Amino acid sequence: MDYKRMPIEIESPEQLGYSNVKYNLTESSVSDALLGDLSVNLGTLKLAYGDHRGKAELRQLLAKDFPGIESDKILITAGAASALFIVATALLEKTDHLIVIHPNYASNIETPRAIGCKTDYVNLRFEDGFTFSAADIAKKIRPNTKLISLTSPHNPTGTVLDRKTLLEIADLAEQNSCFVLLDETYRDLNVHADLPGACLHKRIISVSSVSKAFGLPGLRIGWLVTQDEQLTEKFLAAKEQIFVCNSIIDEEVAYKFLLDKASRFQKISEHIEKNRKVLLSWLRSESRMEMIQPAGGVVCFPRVINGEQKNMKEFYRILNDEHKTFVAPGHWFEMPDHYMRIGFGWPAEQELKTGLQNISLALNNT
Ligand SMILES: Cc1ncc(COP(=O)(O)O)c(C=O)c1O
């Protein structure tokens, strides 16, 4: 494996130091939760190894969101990130072929790259509303295609794949004896969410976590689900070889949080809706930017109009150094820097307002 650090990690606020960031529009999750607000008593928790598949009660709770799938087909992982790593390393070798959407959450591209497998990208274009069809995937299938890697709701664009297209792609996977990885880490942030992909088709592998929708990224709890028993065993073997079991503290806290998921999410969704209005109102007044409206998640991926001709290096210098405002620049997603991901679910309302105004101020001098 040829590991390389990714700009999205090297330049992330937690690595730069939060003290340098006053207006943080880089985050793709909702505001971080406080442990003290969760009223979890961990005093009687025995710090033994946990169930290798993950805490049984947590899996049973999650299974309610996966009708038709038993809880032993759900593996708890260290965030969605480790689930994605397990899927890529369990299914792909150098001689295999992958089809992956571009741009994407960086690991969905970088881990297969580190494995060294052959890769074809389905490039999303602003002009097409960042959408693609099953025919776009079909064109790229080869005899050695092992995995089709999709993300919905999508990071960084916020687009959502419809059930018909997803099932057409899953059928393609079945006809070609390969699998579909559906990274649905933002699924709980989509009010119109369909069933998780693993319920819809036996060729779909679902990955998600508590990080984004519930503001719990520090817990490192995610899940990996497929109907396929052999695949589950293989994924479990990978999990055991990497970390045996999860932190049982993380599992306990996530379980207690999810027991009360609906009422906790009520407050979160009110905050998101307020901030979404702030974002849309700013965009209506900012004629130098254009955007495809996100359908799910709490990020969008607007671009500066005619940005190829603008000095974007200077834009980011002014934005970061003079206004202490940070967004996720295009290059975090291997895209030109006149694209930027704006996270609107994490900041407080006033922080978002000022951060967006600062983008306008930085554009004045670009
Ligand atoms: C699409 C996508 N998948 C997975 C992850 C990893 O999330 P987690 O914190 O659950 O590991 C992220 C994080 O940004 C993401 O955007």
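Position numbers for residues count from 1 along each chain, tracking the sequence in the order it is written. Residues qualify for local features only when their pLDDT is at least 70, as the model is predicted, and side-chain atom pairs are given and counted only at 80 or more; totals for whole chains, interfaces and linings, by contrast, use all residues. Side-chain measures were taken over the full set of non-hydrogen atoms in the model, leaving aside hydrogen atoms and water.

(A) How the structure looks around helix α11 (residues 248-259). Taking 1.5 Å of rise per residue, the 12 residues of α11 would be expected to cover 16 Å, and the 16 Å separating its terminal C-alpha atoms lies within 8% of that figure. Exposure classes here rest on a 1.4 Å probe applied to the protein chains alone. A residue is buried below 20% of its type maximum, exposed above 50%, and partly exposed in between. Helix numbering and strand numbering both begin at the N terminus, where a helix is a DSSP run of H or I of at least 4 residues and a strand a DSSP run of E of at least 2. A large share of α11 lies buried, amounting to nine of its 12 residues. Listed as buried for α11 are Ile248, Asp250, Glu251, Glu252, Val253, Ala254, Tyr255, Phe257 and Leu258. It only takes one pair of heavy atoms within 4.5 Å for two residues to be counted as in contact. In the core, the buried residues of α11 are packed alongside α3 (56-63), β2 (74-77), α9 (211-214) and α12 (261-285). Helix span, as expected, comes to 1.5 Å for every residue beyond the first.

(B) Just the sheet that holds strand β5 (residues 145-151), in detail. Strands were regarded as paired on the criterion that DSSP finds at least two bridges between them. Reading across from one edge, β2-β8-β7-β6-β5-β3-β4 is the order of the seven strands in this open sheet, with mixed pairing throughout. What marks the edges here is a single partner per strand, and that holds for β2 and β4 (118-123). Along the sheet, successive strands turn relative to each other by an average axial angle of 20°, direction set aside. Where β5 meets strand β6 (residues 179-183), five bridges bridge the pair, whose relative direction is parallel. Across the sheet, residue Thr151 finds its bridge partner in β6, namely Asp183. Axis geometry follows a simple rule: fit a line to the C-alpha atoms, using only the stretch in contact for helices, then measure angles between N-to-C directions, giving values from 0 to 180 degrees. Across the face of the sheet, α3 comes into contact with β2 and β8 (222-225) while running at roughly 120° to β2. Packed on one face of the sheet, helix α5 (residues 106-115) meets β3 (97-102), β4, β5 and β6 and runs near 155° to β3.

(C) Representation of the packing of helix α13 (residues 312-322) against helix α14 (residues 349-364). The contact between α13 and α14 brings their axes to 9 Å, and the two run at 135°. It follows from the interaxial angle that α13 and α14 lie oblique. Our pair here, α13 against α14, has a crossing hand that is right-handed. Side by side, α13 and α14 meet where Phe315, Ile318 and Leu319 of the first sit next to Asn358, Ile359, Ala362 and Leu363 of the second. Should an angle fall under 35 degrees it is taken as roughly parallel, and over 145 as roughly antiparallel, whereas 65 to 115 is taken as roughly perpendicular and any remaining angle as oblique. Note: crossing handedness is left-handed where the near helix turns anticlockwise from the far helix by less than a right angle, and right-handed where it turns clockwise.

(D) Spotlight on the pattern of salt bridges. The term salt bridge refers to a pairing of a side-chain nitrogen on Lys or Arg with a carboxyl oxygen on Asp or Glu at a separation within 4 Å. Considering all chains together, one arrives at 27 salt bridges under this definition. Here Lys164 ties to Glu168 by a salt bridge, and the two come within 3.1 Å at their closest N and O atoms. Of this pair, Lys164 and Glu168 both sit in helix α7 (residues 163-175), four residues apart, which is roughly one turn of that helix. With relative accessibility at 59%, the residue Lys164 sits in the exposed group. The exposure class of Glu168 is partly exposed, given its relative accessible area of 32%. Between Lys353 and Glu349 there is a salt bridge whose closest N-O contact spans 3.7 Å. Placement of the pair is Lys353 and Glu349 together in helix α14, with a separation of four residues, close to one helical turn. Residues participating in the shared-partner salt-bridge network are Arg125, Glu127, Asp128, Glu290 and Arg303.

(E) Spatial organisation of the sheet that holds strand β13 (residues 328-329). Taken in spatial order, the three strands line up as β10-β14-β13 in an open sheet, and their pairing is antiparallel. Since the sheet does not close on itself, it has two edges, and those belong to β10 (299-300) and β13, each with one partner. Across two bridges, the pairing between β10 and strand β14 (residues 340-343) is antiparallel. Bridge pairing in β14 links Cys300 to Ile342.

(F) Region of interest: the nonpolar core. Take the buried residues of types Ala, Val, Leu, Ile, Met, Phe, Trp, Tyr and Cys, join any two whose side-chain atoms come within 4.5 Å, and each joined set is a nonpolar core. Membership of the largest hydrophobic core comes to 56 residues, with the highest contact counts inside it found for Val210, Phe214, Phe315, Met340, Ile342, Leu356 and Ile359. By residue number, the principal contributor to this core is α12, which donates eight residues. If we skip the residues at most four places from it in the chain, Ile342 touches Leu25, Leu279, Trp282, Val298, Val299, Cys300, Pro302, Val327, Leu356 and Ile359. Ile99, Phe130, Ile148 and Met335 belong to the second largest nonpolar core, which has 33 residues in total.

(G) Quick look at helix α4 (residues 79-91). Its 13 residues place the ends of α4 19 Å apart at the C-alpha level, agreeing with the 18 Å of an ideal helix rising 1.5 Å per residue. Within α4, 10 of the 13 residues are buried, which leaves the element mostly enclosed by the surrounding structure. Residues of α4 that are buried include every one of Gly79, Ala80, Ser82, Ala83, Leu84, Ile86, Val87, Ala88, Ala90 and Leu91, and no others.

(H) Molecular detail of the packing of aromatic side chains. Aromatic rings from Phe, Tyr and Trp, with only the six-membered ring used for Trp, were paired whenever their centres fell within 6.5 Å, and each pair was classed as stacked if the ring planes differed by under 30 degrees, edge-to-face if by over 60, and tilted otherwise. By the definition in use, this model includes seven aromatic pairs. Seen in terms of ring centroids, Phe130 and Phe301 are 6.1 Å apart; in terms of plane orientation they differ by 50°. Their pairing is tilted. Note that Phe130 is positioned in the loop between β4 and α6 (134-138) and Phe301 in the loop between β10 and β11 (303-304), a separation of 171 residues in sequence. Of the two residues, Phe130 and Phe301, neither departs from the other in class, the shared state being buried.

(I) Looking closely at the state of the cysteines. When the sulfur atoms of two cysteines come within 2.5 Å, that pair is taken as a disulfide. Evaluated as defined, the whole model comprises zero disulfides. There is no disulfide at Cys117, and the cysteine sulfur nearest it, in Cys178, is 13 Å away.

(J) Expanded view of the site of the ligand. Throughout, near means a residue has at least one heavy atom within 4 Å of the molecule or strand. Close to the ligand lie 15 residues, the nearest being Asn155, Asp183, Tyr186, Ser209 and Ser211. In protein, a polar contact means a hydrogen-donor-capable atom and an acceptor-capable atom, both N or O and within 3.5 Å, with residues adjacent in sequence counting only if both atoms are side-chain atoms; elsewhere, any N or O pair within 3.5 Å suffices. Measuring from an oxygen atom of the ligand, one finds a backbone N or O atom of Ala81 at 2.9 Å. In this structure, a nitrogen atom belonging to the ligand sits 3.3 Å away from a side-chain N or O atom of Thr185. Out of a free accessible area of 400 Å², the ligand has 94% covered by protein chains. Per-residue accessibility takes into account occlusion by the displayed protein chains alone, with areas from the Shrake-Rupley method and a 1.4 Å probe.

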